[in-house]
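Coordinate analysis (summary)
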Amino acid sequence: MSSASRDSFADLKIPEPPIGEDIDEHAKSYLQQAEKLSIHLWERLQTHWPTKLDNKTIYNYEDYDIHSTLQLPRDMTTGEIISVDELEEIDLPVEDDEENLSMTRPPLPTSVATRGTTTQNPFLPAGFEEELLKLQEKSVQEITLDLDNNEPGKLFGEALITSLPDSEHTVLFAEDGFTLLTEEEKQARIEAKEAETRDIELPVNINIEEMFDNNVTSAGFWKDEDEPPNQQPSKEEKPKAVIENNADDDNFLQSTIIQPPVELPELPVLMIGGPSIKVGVTSTQYAEVIDVTLPVPDFRERIKNMAHEFPFELDNFQKQAIIKLEEGHHVFVAAHTSAGKTVVAEYAIAMSRRNYTKAIYTSPIKALSNQKYNDFNKTFGEVGLLTGDLQINATASCLVMTTEILRSMLYCGSDVTRDLEFVIFDEVHYINNAERGYVWEEVLILLPAHVVIVMLSATVPNTLQFADWVGRTKGHKVYVVSTPKRPVPLCHYLYTGSGGKSKHERFLVLDQEGNFQLRGYNEAVAAKKARENDYKKGFGPKGGKQYMNPKAEQTMWVALIDHLKTNDKLPVVAFTLSRNRCDQNAENLMSVDLTTGKEKSHIRSFFNRCLQRLKEPDRRLPQIIRLQRVLENGIGVHHSGILPLLKEIVEMLFQSGHVKILFATETFAMGVNMPARTVIFDEVSKYDGVASRTLVPAEYIQMAGRAGRRGLDKTGTVIILCKDEVPDQMTLKGMMLGIPQKLSSQFRLTYAMILSLLRAATVTVLGMMKRSFREFDQICQVDKNKKQLELAEKEYEKKCSIPLAPHLTPLTTFYDAVTAYIGVLNEIMPILLTQPKVAKELVAGKVIVFSAGPYINQLGILLNTTGPRLTPYKVLALDTVEKDTSNYKFDVDETWYRCLSFSAQHDYIGTDESTINHTILCIASKNIISITKTNFKIDPNIIIKDWENRQIPRFRDAPVGSSCASAVQELLRLSHAVRSGATTLDYVSLTHSLAVTDGEILSALDKMKMLEAQIQSVKKTTDIANFKAEFAIVYERKQCERIRDKYRHLLSHENLALYPDYQRRLLVLRELNYIDERDGVILKGRVACGMGTNELIISELVFRNVFTHLIPAEIAALLSCFVFQAKTNVEAQLTPKLAECVRTIEEIDAEITQLESRYLVEQFEGSDRLNFGLVRVVYEWALQKPFADIMDLTDVQEGIIVRCIQQLHELLVDVKDAAVAIGDTKLQAKMTDASVAIKRDIVFAASLYTTGKDALS
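Residues numbered from 1 in each chain as written. Predicted model: local features only at pLDDT ≥ 70, side-chain atom pairs only at ≥ 80, totals over all residues. Heavy atoms only, no water.

1. What about the overall build of the protein?
Each helix and strand in the protein was counted, giving 43 helices and 27 strands. Counting only residues that meet the buried cut, the protein has 46% of its 1257 residues in that class. Within the protein, counting contacts between residues at least 6 apart in sequence, those at least 24 apart form 74% of the total. Working note: accessible area of the protein is about 67300 Å², and carbon and sulfur atoms make up 52% of it. (Helix = DSSP H or I, 4+ residues; strand = E, 2+ residues; numbered from the N terminus. Buried < 20%, exposed > 50% of the residue type's maximum accessible area, 1.4 Å probe, protein only. Contact = heavy atoms within 4.5 Å. Areas by Shrake-Rupley, 256 points an atom, 1.4 Å probe, with all protein chains shown as cover.)

Given below as structure tokens:
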């Protein structure tokens, strides 16, 4: 207190107020004189961390959630920027970002912006707008709370729910709001309310604007109810029935009788499109084929500002495609190899650069991605590359990646999608690939609406159909640009030479116009025959055919190369569909030298410069030494067993013309534009993993298309080697001139996809299935089925509006039980009849009991099982059909007769009629009731031939053959005896040897027994005099209901082909605790979302702590079993710990497989999804062993080992992310150490296409 204040208090004689002690001095003393504190050894209790200043830290920032953003102020009317001096801060939406599918949601942190994150939902795909609207409408249905009207039976003004969803039972309360009403009181209240509302005139709301928009007439809206309607004459008074196209129901009797053979007209070979697209159609609502034969003279006028200039004149199809790209349309370019499809892709990339947007180029394989990155980098300068283990320039305007990478980015909500304008799918015909084709469908479905799709493909027959599916899915028209013209025509030859004088034996079999030359083929056959005759002269007449031994094959290759060199047909790509034969052929030609001294020097120099990126020991690998030796002679080898770096060296030397002959497998023909003057086929058959087969047209065309260099060759030369014998003429024609395989759906469900989509509210699994190419036929039928459903609803309303008479209720129960039993029978009988023991009983002469159409519970003699696919069983039966003169109001079909067969009036087997009239029926497995143990000795072929002859009009009155007449007499005798009870038949048990212990089959059998008992209990209600007439009333109503339900089912999700598989997989996920009872994804499910393949078993390994006590090298070794797919004959020597873990993995895999088998889940990976062939190799590699040392442990080729370890690295990253998700820091550290341990040296040597600029020069 100041002195002046004290004086004033003293003058007034007022005592000073109490003032607290001034603590400033105490605080200063406490802080500055710490030695006075009563704490001993205080120096040990203080630690000082000096701060190091680093100015560069201001450029780094942590990734925080962004709650606001800055924007320039704009005029609210015009949208123009008002000022650039000030920025406005606006708040971002506070809704849950992970549930937001809009492009306006906040961006991801920069560290994950490119690839996205598994916690993020995909952006809304095009075509899912309807689901989003339904979800929004559902979310805005809010409950209005009325606090002032809280009467009994209501909660805040809202009526209480009185019944559970999908339940017929209700709960009603009395006026007090809590006393439950009895059933009698409920009925009385309902009747009272109906009486109150019966006489109330409800107001009619008419939307005049909607009426006029829909051209609805207003006549009759304001008429009085008493005024009679103005009846208009109708063309047909009878109500129009719903037309149902059902092959099983229409005219069943006629369809089962064997008719004489009919000469069918020749069918067209090529069918463009499916059921909704007819032959000759060039456009649909969502797709259109452009006529590329028409010139485009005004191309420059239509596109004045070209995004990219090409140094050559564009072809018509390229101009047409570019015009459609400039107009913003999706484009599907289908053309032959080397036709120039890449021009369209380059123009799309250039457009994205001009428009300051992004373009993504996808390829089916990683090697092609690297090559395209190099090509586009030369053209545009700014290109990015994304692979599983590499990310280069991720912010570039053009990104190159595999289709799997793009799929992952779309599922994870990558921010690249925001600025994405074009997605280019190269080799889109890869959608036919059984293992990976489904990825293309998923990506096409997931792309947002603002993305323009560019598809490049080889020529396929159903381009319009596929384009129509893409257009319907995205809601935007797709233009098909297809050119059958090959820029360099091909000539195809057969080569029969074997060296010496025969080395020039090359015969033309298919000219450049596509005409098969029979003369050339015959000459080739004659030449090969002469060679065989010469062989027999030397080895005797029993020498057999001449098969080439390795020495003879070497001689043949040397002679062939000399022939090609003489005729100026080099360079050559020799497609040898075996890795070992590629290597062997190259080794056998070491005596052939195709390069000059200068070329040898360049090859040696280039090879050594490329090897500088490898460590010294790796440069001395046997494969590297062998390849360098053959390369210097101008001979190259290219297949998956070659080290990736060596493959790139071979490709570059081939492009530069230093490799004259290249032995390659099929993968060399994919995508990369590396043409040659000549293509040679070592053979025309390949092993596809199941069996050896002839090349299909698409495979042959793809490889043969590498012949002919545009601008260098007038024609390309294709040569097929006839080493053993000349291929069959029909085989050659089918392979060379056959129609390529159609684009077909390989769409399937995976656990990772299901779990990823269960997290998203709008993009659902059912939505994906509905939009897949597999469901294209159903998509096309939606409008038709909706119209049929409307007709069925009206028909049902007419016939079923009046309640059914009470005395017909038992017949309704009978109908329901019988039709349910028939449904189960139709499903189970094909399975029962194909059992080995049962199938052995189905021999010619076997007596069976069947019901087919009006042939109810009759005996028949089985003739054979080689009938039509749907009705394979040919049966000789007595013609005992009685004419039914009743006039039914419905079409009598198969179901009607099947229902009658279970009634009391048909509770018998056989017939009491004495007739020798007979017929032969083709019946389905569902028509067979039982198989007896009785056999007749017959000759089925004679009986069938006798019957077919008598179906020809001029032989209709011919006498019945003795064999057929004898069989009919025996059948008649047995039928009489069984009907009268004189004979009892013994039956074969159909379920006795059924090899199944659980699942849906046993459930179906149990259901069948239950329904059979139910039928027996109600069968007595059918024992009435006028049963057919009474049952016809019930049947007519039920038919209307069935037809209505049929079209409801066709329009529902349950009609989807994969819907049962989806439900089964949900059961598996639920039992393994990946989802909860409401299908919500829980922790294990979120972890499995991030796995690329084998998501269930890898997630189980993580959650069961299998890796907890293992070192990083052991973890990497064990996980290799999921990525290694090749075969090996070397049995790995494992450590005891590794062997124990292998058994654990096999047990978990068997557990999952058994669970999937129980729920009948289809297992795409097959039984060999675990392959432990490289466990020891990877283990030693992770322990830092040299690559040369680990090659001594296995017979697997170097390139396959490298690819396996590269894929293993991607898997380790996925498991590391899983460890982060569950908070297991120890496992995370181990995965990181394992990744570092294997990512080294030659296995991860940088690609020449991405970093080898010096080598490329």
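2. Remarks on the environment of tyrosine 479
Here tyrosine 479 lies in strand S13 (residues 478-483). C-alpha of tyrosine 479 to C-alpha of leucine 325: the two residues are 154 residues apart in sequence and 9.6 Å apart in space. For tyrosine 479, the residues in contact, after removing those within four places along its chain, are Glu288, Ile290, Lys324, His329, His330, Val331 and Phe332.

3. Regarding the sheet that holds strand S16 (residues 572-575)
The strand order across the open sheet formed by 7 strands is S15-S14-S22-S19-S16-S18-S17, and the pairing between neighbours is mixed. Of all the strands in the sheet, just strand S15 (506-510) and strand S17 (635-638) have a single pairing partner and so form its edges. The mean inter-strand angle of the sheet, taken between neighbouring strand axes irrespective of direction, is 25 degrees. Inspection of the sheet shows strand S14 (residues 490-495) paired to strand S22 (residues 716-721) by 6 bridges, in the parallel sense. (Pairing = 2+ DSSP bridges. Axes fitted to C-alpha atoms, helices over the stretch in contact; angles between N-to-C directions.)

4. As for helix H10 (residues 366-380)
Between its terminal C-alpha atoms H10 stretches 21 Å, which fits the 21 Å expected from 15 residues at 1.5 Å a residue. Directly after H10, the chain includes glycine 381, whose backbone phi takes a positive value near 85 degrees. (Expected span 1.5 Å × (residues − 1).)

5. Topic: the sheet that holds strand S5 (residues 287-289)
Read across the sheet, 9 strands follow the order S5-S13-S6-S12-S11-S7-S10-S8-S9 without closing on themselves; strand pairing throughout is mixed. Both edges of this open sheet fall to S5 and strand S9 (391-392), since each of them pairs with a single strand only. Note that strand S8 (residues 383-386) and S9 share 2 bridges and pair antiparallel. Its bridge partner being in S9, leucine 386 is matched across the sheet by glutamine 391. Its contacts with the sheet put helix H9 (residues 342-354) on strand S6 (330-335), strand S7 (358-363), strand S10 (398-402), strand S11 (420-425) and strand S12 (452-457), and the angle it makes with S11 is roughly 165 degrees.

6. A few points about the confidence of the model for the protein
Parts of the prediction with low pLDDT should not have their coordinates interpreted in detail. When pLDDT is averaged across the protein, the result is 82; 79% of the residues are at 70 or more. Counting interchain partners and residues more than four positions distant, the pLDDT-below-50 stretch residues 153-159 has 18 contacts. Taken as a whole, residues 1253-1257 scores under 50 in pLDDT and shows 9 contacts with residues more than four places along the chain or in a different chain. (pLDDT = per-residue confidence, 0-100.)

7. Digging into the pairing of S22
Of all 6 residues that make up S22, 6 are buried, and the element is covered over most of its length. Side-chain alternation along S22 places Gly716, Val718 and Ile720 on one buried face and Thr717, Ile719 and Leu721 on a second face that is also buried. In terms of strand pairing, strand S19 (residues 678-681) meets S22 through 4 bridges, oriented parallel. When the sheet's bridge partners are listed, threonine 678 is paired in S22 with threonine 717.

8. Notes on the packing of helix H26 (residues 809-833) against helix H28 (residues 894-901)
Their axes nearest at 10 Å, the elements H26 and H28 cross at an angle of 110 degrees. Between H26 and H28, the angle falls in the class roughly perpendicular. Two secondary-structure elements touch here, H26 through Phe814, Tyr815, Val818, Thr819, Ile822, Leu825 and Asn826 and H28 through Thr895, Arg898 and Cys899. (Parallel < 35°, antiparallel > 145°, perpendicular 65-115°, else oblique.)

9. What to know about the packing of helix H25 (residues 782-800) against helix H32 (residues 1027-1050)
Packing of H25 against H32 brings their axes to within 9 Å, and their N-to-C directions diverge by 155 degrees. Accordingly, the angle class assigned to the pair H25 and H32 is roughly antiparallel. Here H25 runs over H32; the crossing is left-handed. For the pair H25 and H32, contact is made by Asn785, Gln788, Leu789, Ala792, Glu793, Glu795, Tyr796, Lys799 and Cys800 and by Glu1036, Arg1037, Cys1040, Glu1041, Ile1043, Arg1044, Tyr1047, Arg1048 and Leu1050, respectively. Among the residues forming the contact of H25 with H32, the class breakdown is 8 nonpolar, 2 polar and 8 charged. (Left-handed = near helix turned anticlockwise from the far one by under 90°. Nonpolar A, V, L, I, M, F, W, Y, C, P; charged D, E, K, R; others polar.)

10. Let's talk about the pattern of salt bridges
Enumeration according to the criterion identifies 55 salt bridges in this entry. With a shortest N-O distance of 2.8 Å, glutamate 666 and lysine 686 are connected by a salt bridge. With a gap of 20 residues between them, glutamate 666 in the loop between strand S18 (661-664) and S19 and lysine 686 in strand S20 (residues 685-687) connect regions that are remote in the sequence. The class for lysine 686 is buried, based on a relative accessible area of 14%. A salt bridge links aspartate 688 to arginine 693; its shortest N-O distance comes to 3.0 Å. Its relative accessible area of 38% is what places aspartate 688 among the partly exposed residues. Through salt bridges that share partners, Glu553, Arg581, Asp682, Glu683 and Lys723 make up one connected network. (Salt bridge = Lys/Arg side-chain N within 4 Å of Asp/Glu carboxyl O.)

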